[in-house]
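Per-entry structural report
Read off the chains here:
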Amino acid sequence: GHALRQLPERSGHIGGAGHVIAITSILDHGQGRLEEGTGCAVFRVWYMAIIFKPKVGEAMHAVVSQISPAGLLAEAGPLHVFVPTKQMASDAKYEMTNVGPAYAYGEGGGVVVGIGSEVQLRIIGVRKDGNDICALGAMNEDYLGLVVTE
């Protein structure tokens, strides 16, 4: 009973294996022990889980959430990725548009990345910050940048 109620709280925890997205099944559990003063039983539980562990060099899609002259912040699930202007296309320019801040690049500034844009980026650094996973990203290589859906 009690151990099963506690397992969902584990979702989102960052351990050595990465960020636990969801616990899919319980494999086994050890013998319980009572906690003094609380009346609760504590069990060691082995389970299968879906893990998110971004790696340096990995390319992924993310959604832009903030834009500043220093770069952009994008979200890929629980991962926050900052892409500094030095890691964007060499002709990327910060500008204020009628829908907010954006970066324009490409022929005639025709490619515009704004808040809510989906981008393909490459992870160049990862660190854990409490219960958050933060990364440094790049969008200055072929096949990286704005994702165009037709």
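Heads up: the structure comes first, above all this text.
Described below are features of the structure shown in this document. (Residues numbered from 1 in each chain as written. Predicted model: local features only at pLDDT ≥ 70, side-chain atom pairs only at ≥ 80, totals over all residues. Heavy atoms only, no water.)

With respect to the overall build of the protein chain
A tally of helices and strands in the protein chain yields one helix and 14 strands. Taking the intrachain contacts of the protein chain between residues at least 6 apart in sequence as the baseline, contacts between residues at least 24 apart amount to 52%. Here the protein chain has roughly 9,300 Å² of accessible surface; of this, 54% comes from carbon and sulfur atoms. (Helix = DSSP H or I, 4+ residues; strand = E, 2+ residues; numbered from the N terminus. Contact = heavy atoms within 4.5 Å. Areas by Shrake-Rupley, 256 points an atom, 1.4 Å probe, with all protein chains shown as cover.)

Description of the pattern of salt bridges
The final tally for this structure, using the stated rule, is one salt bridge. We note a salt bridge from Arg122 to Glu141, for which the minimum N-O separation is 3.0 Å. Of this pair, Arg122 sits in strand S12 (residues 118-129) while Glu141 is found in the loop between strand S13 (132-138) and strand S14 (145-146), placing the two residues 19 residues apart along the sequence. Overall, the relative accessible area of 23% leaves Arg122 in the partly exposed class. (Salt bridge = Lys/Arg side-chain N within 4 Å of Asp/Glu carboxyl O. Buried < 20%, exposed > 50% of the residue type's maximum accessible area, 1.4 Å probe, protein only.)

Side note on a nonpolar patch on the surface
On the surface, a cluster of nonpolar side chains totalling about 320 Å² of accessible area is made up of Leu27, Trp46 and Met48. Of the residues examined, Met48 reaches a relative accessible area of 44% and is grouped as partly exposed. (Patch = residues over 30% accessible without salt bridge, like charges linked within 9 Å, V, L, I, M, F, W, Y side chains within 5 Å.)

Topic: the packing of aromatic side chains
Within the structure shown, the criterion is met by one aromatic pair. Summarising the aromatic geometry, the rings of Tyr94 and Tyr103 are spaced 5.6 Å apart at their centres and angled 65 degrees between planes, so their arrangement reads as edge-to-face. Given a relative accessible area of 34%, Tyr94 falls into the partly exposed group. On the accessibility criterion, Tyr103 (2% relative accessible area) is buried. (Phe/Tyr/Trp six-rings, centres within 6.5 Å; stacked < 30°, edge-to-face > 60°.)

Comments concerning the sheet that holds strand S11 (residues 111-114)
Across the sheet, three strands lie side by side as S9-S10-S11; this open sheet has antiparallel pairing. Two strands bound the open sheet, and with one partner strand each, they are strand S9 (93-97) and S11. Adjacent strand axes in the sheet meet at a mean angle of 35 degrees when their direction is disregarded. (Pairing = 2+ DSSP bridges. Axes fitted to C-alpha atoms, helices over the stretch in contact; angles between N-to-C directions.)

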